[in-house]
Amino acid sequence: LTATPERMDNKDVYSICDYNVAYEMRLKEAIGRGELVPFDYYGIYDETVNYDNIEFRNGKYNEKSLEEALKISKRANLILKHYMKFKTKRALGFCTSKSHAEYMAKYFSENGVESVAVYSGEQGENTERRDEAIKNLNLGKIKIIFSVDMFNEGLDIPSIDMVLFLRSTQSSTVFLQQLGRGLRKSEDKTVLKVLDFIGNYKKANLIPFLLSGKPYSKTELLTKKLTEFEYPEDCHIDFDFNIIDIFKVQASREISIKEIIFEEFIRI
């Protein structure tokens, strides 16, 4: 049983059972059947970080440079401002590093939103142990937990009603794992709020396809409106116009005439 059959480490999970898939339910179907709550997704344009200035090598950004670029008050204020628009009770914020999680917990707490950072290893000034943080979040003593990778999977807090994506996620698996942390059904929850802070980072144009469950198509991104994508039932998707421009620029850089002709041939 797995929630992530398509893996980023290129290991073939299907081979374990000789490619016999007994049953499959993807995100769209699970939401449509009422097994998970729908989500309201807000793609928020983040112009505070220029990812072109951060070293990118072997498929990932330089961790230290990325961390420093994200730990600025202008960006933290942008995140806080959008967070405050919603009456959320329990939220999870996904950060790029321990230091970034610490910074965000400190910034939010200093601005009246009780928050903690949770991660493995040596603890910092604004951290709590995982079990203690979960307990306090459920009790309403804190409003938000900022984490790195500890809560990507294996977390069961059905009452989480908001997730914040505060890092550039190049992995479709990680993106869906983080989204899934808030999709569990809960008595007082009818929808999950998703705040995704998007800049000009690599592979940002995958996001509409991850949300719709469609395979990535550069030509589709260039020729179709994002509102025409088939998203899960009762889900609301809202992208800032600047983000749509980023998606199209990235797609146009990738595509060649040969690829356009081939994709059109397959479509016909």
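In this text the structure is predicted, and so the values were computed from the model without any measurement.

Q: Go over the overall build of the protein, please, and point to the residues and values.
A: Scanning the protein from N- to C-terminus turns up 10 helices and 9 strands. Radius of gyration (C-alpha) of the protein: 19 Å, near the 18 Å computed for a compact globule of 268 residues. Counting only residues that meet the buried cut, the protein has 47% of its 268 residues in that class. When the accessible area of the protein is evaluated, it comes to approximately 14,800 Å², of which 50% is carbon and sulfur surface. Of the charged side chains in the protein, 39 are positive and 42 negative, and the gap between their average positions amounts to 1 Å.

Q: Tell me about the pattern of salt bridges, and please be specific about residues and values.
A: In the structure shown here, the tally under the stated rule is 11 salt bridges. Lys193 is the partner of Asp40 in a salt bridge, and the nearest nitrogen-oxygen pair spans 2.9 Å. Here Asp40, found in strand β1 (residues 39–45), pairs with Lys193, found in strand β8 (residues 192–198); they are 153 residues apart in sequence, far enough to count as distant. Salt bridges linked by common partners bring Glu29, Arg33 and Glu35 together as one network.

Q: Residues and numbers for the packing of helix α3 (residues 73–83) against helix α4 (residues 98–110), please.
A: Interhelical geometry of α3 versus α4 gives an angle of 60 degrees and a closest axis separation of 10 Å. On the basis of the axis angle, α3 is oblique to α4. The crossing of α3 and α4 is right-handed. Contacts between α3 and α4 pair Ser73, Arg75, Ala76, Asn77, Ile79, Leu80 and Tyr83 from the former with His100, Tyr103, Met104, Tyr107 and Phe108 from the latter.

Q: Residues and numbers for the pairing of β8, please.
A: Among the 7 residues of β8, 6 are classified as buried, and the element is accordingly described as predominantly covered. Relative to β8, β1 is paired through 7 bridges, and the arrangement is parallel. Within β8, the position partnered with Gly43 by the bridge is Asp196. After leaving strand β7 (residues 162–165), the chain enters helix α6 (residues 172–180) and then returns to the sheet as β8, a path that is right-handed.

Q: Any chance you could break down unusual backbone geometry for me, citing the residues and the numbers?
A: Notably, Asp18 is not glycine yet its phi reads approximately 50 degrees, a positive angle. Tracing the sequence through the fold places Asp18 in the segment before α1 (27–32). On the accessibility criterion, Asp18 (60% relative accessible area) is exposed. Phi is positive for Tyr19, which is not a glycine, with a value near 65 degrees.

Q: Would you mind going over the pairing of strand β9 (residues 236–239) in detail, with residue names and values included?
A: Within a regular beta strand, the side chains point alternately toward one face of the sheet and then the other, so they alternate between its two faces. Side chains Ile237 and Phe239 project from β9 onto a buried face, and the interleaved His236 and Asp238 project onto a face without burial. Bridge count for β1 against β9 is 4 bridges, and the pairing is parallel. In the sheet register, Gly43 faces β9, and the bridge partner there is Phe239.

Q: Help me get a handle on the layout of surface pockets, residues and values and all.
A: In this structure, the largest pocket spans a volume of roughly 1,600 Å³. What lines the largest pocket is a set of 44 residues, among which Thr2, Ala3, Thr4, Pro5 and Met25 lie closest to the centre. Only α1, α6 and α7 (207–212) provide two or more residues apiece to the lining of the largest pocket. When residues in the lining of the largest pocket are grouped by element, the largest group, 6 residues, is from α6. Tallied by class, the residues present in the lining of the largest pocket amount to 25 nonpolar, 10 polar and 9 charged. Roughly 620 Å³ of internal volume is contained in the second largest pocket. Residue lining of the second largest pocket: 18 residues in total, with Gly59, Lys60, Arg167, Ser168 and Gln170 positioned closest to the centre. Listed by contribution, the elements that provide at least two residues to the lining of the second largest pocket are β3 (60–61) and α2 (63–70). The residue inventory of the lining of the second largest pocket, partitioned by class, reads 5 nonpolar, 8 polar and 5 charged.

Criteria and cut-off values
Residues numbered from 1 in each chain as written. Predicted model: local features only at pLDDT ≥ 70, side-chain atom pairs only at ≥ 80, totals over all residues. Heavy atoms only, no water. Helix = DSSP H or I, 4+ residues; strand = E, 2+ residues; numbered from the N terminus. Rg over C-alpha atoms; globule rule 2.2 N^0.38 Å. Buried < 20%, exposed > 50% of the residue type's maximum accessible area, 1.4 Å probe, protein only. Areas by Shrake-Rupley, 256 points an atom, 1.4 Å probe, with all protein chains shown as cover. Lys, Arg positive; Asp, Glu negative; His and termini not counted. Charge placed at Lys NZ, Arg CZ, Asp CG, Glu CD. Salt bridge = Lys/Arg side-chain N within 4 Å of Asp/Glu carboxyl O. Axes fitted to C-alpha atoms, helices over the stretch in contact; angles between N-to-C directions. Parallel < 35°, antiparallel > 145°, perpendicular 65-115°, else oblique. Left-handed = near helix turned anticlockwise from the far one by under 90°. Contact = heavy atoms within 4.5 Å. Pairing = 2+ DSSP bridges. Right-handed = clockwise from strand over helix to strand, strands pointing away. 1 Å grid on protein atoms, 1.4 Å probe; cavity = no way out; pocket = protein on both sides within 12 Å on 5 of 7 lines; lining within 4 Å. Points joined across faces, edges and corners; volume = space filled by probe spheres on them. Nonpolar A, V, L, I, M, F, W, Y, C, P; charged D, E, K, R; others polar.

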